[in-house]
Each structure stands twice: as structure tokens, then as C-alpha cells.
Amino acid sequence: MNLNLRQAILQNVSGHDAEQLQATIMDALQKGEEKMLPGLGVFFELLWENSDEQDHQEILETLENSLKQM
């Protein structure tokens, strides 16, 4: 069996509106389960691929600042 995890995740959220996506993200963060990380990674991949260079810089600065606070 050939399972494409990325495609499975995308199919699970296909057609979701912003409110449903936020609920999915918040659920993943609140539960803190390792099994949720691939889904969040796919979301990040979509965000990155559909952002321009200025957005990339903002994302990177946010990540950098967040890591400094740890």
C-alpha cells in the first residue's frame, strides 16, 4: 500500500473554510500530540509556497523571535 501522507492531509481539509481550518490548527496545538505535526507541516508548506518574499521574511522573523523566547 502506497500512502501519500501529504495528499491524505490535503484531502481531509479540502473545502474547509477559514473557521474550520483555525479549529483544526487550534485542536492540533492544544492536544500537542506528535501525530498532529505532519498536518501542521503541510499547512506550513502551503503557507510558505503561497507567500511572497516579504511574507517569508515576516515568517522567518516571527520564528526567530519565538525561538529566542524559549
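Predicted model only: the values in this text are computed from it and were never measured.

Side note on the pattern of salt bridges
And then number 1: Evaluation of the coordinates by the stated rule reveals 4 salt bridges.
And then number 2: Its salt-bridge partner being Lys31, residue Asp27 comes within 3.4 Å of it at the nearest N-O pair. On the criterion of helical spacing, the pair formed by Asp27 and Lys31 is a turn pair, its members being 4 residues apart in helix H2 (residues 18-31).

Comments concerning a negative patch on the surface
And then number 1: The grouping of Asp52, Glu53, Asp55, Glu58 and Glu61 at the surface amounts to a negative patch.
And then number 2: By secondary structure assignment, the location of Asp52 is in the loop between helix H3 (37-49) and helix H4 (53-68).
And then number 3: Classification of Asp52 as partly exposed rests on a relative accessible area of 44%.

Some remarks on a nonpolar patch on the surface
And then number 1: A grouping of Phe44, Leu47, Leu60 and Leu63 is seen on the molecular surface, where their side chains present a nonpolar patch of about 340 Å² in accessible area.
And then number 2: Breaking the nonpolar patch down by element, the ones donating at least two residues are H3 and H4.
And then number 3: Along the chain, Leu47 turns up in helix H3.

Topic: the side chain of Ser51
And then number 1: Examined against the element boundaries, Ser51 turns out to sit in the loop between H3 and H4.
And then number 2: Ignoring any residue separated from it by four or fewer positions in sequence, one finds Ser51 in contact with His56 and Ile59.

Here we look at the confidence of the model for the chain
And then number 1: For the chain, the average pLDDT comes to 95, and 96% of its residues sit at 70 or higher.
And then number 2: Mean pLDDT across the elements of the chain ranges from a minimum in helix H1 (residues 5-13), with 95, to a maximum in H4, with 98.

A few points about the packing of H3 against H4
And then number 1: Axis separation between H3 and H4 bottoms out at 10 Å; the angle between their running directions is 140°. One element, H3, and the other, H4, form an angle in the oblique class. Residues Phe44, Leu47 and Trp48 of H3 lie in contact with H4, whose contacting residues are His56, Ile59, Leu60 and Leu63.
And then number 2: Class assignment for the residues of the contact of H3 with H4 results in 6 nonpolar, 1 polar and no charged.

Thresholds, definitions, all that
Residues numbered from 1 in each chain as written. Predicted model: local features only at pLDDT ≥ 70, side-chain atom pairs only at ≥ 80, totals over all residues. Heavy atoms only, no water. Salt bridge = Lys/Arg side-chain N within 4 Å of Asp/Glu carboxyl O. Helix = DSSP H or I, 4+ residues; strand = E, 2+ residues; numbered from the N terminus. Patch = residues over 30% accessible without salt bridge, like charges linked within 9 Å, V, L, I, M, F, W, Y side chains within 5 Å. Areas by Shrake-Rupley, 256 points an atom, 1.4 Å probe, with all protein chains shown as cover. Lys, Arg positive; Asp, Glu negative; His and termini not counted. Charge placed at Lys NZ, Arg CZ, Asp CG, Glu CD. Buried < 20%, exposed > 50% of the residue type's maximum accessible area, 1.4 Å probe, protein only. Contact = heavy atoms within 4.5 Å. pLDDT = per-residue confidence, 0-100. Axes fitted to C-alpha atoms, helices over the stretch in contact; angles between N-to-C directions. Parallel < 35°, antiparallel > 145°, perpendicular 65-115°, else oblique. Nonpolar A, V, L, I, M, F, W, Y, C, P; charged D, E, K, R; others polar.

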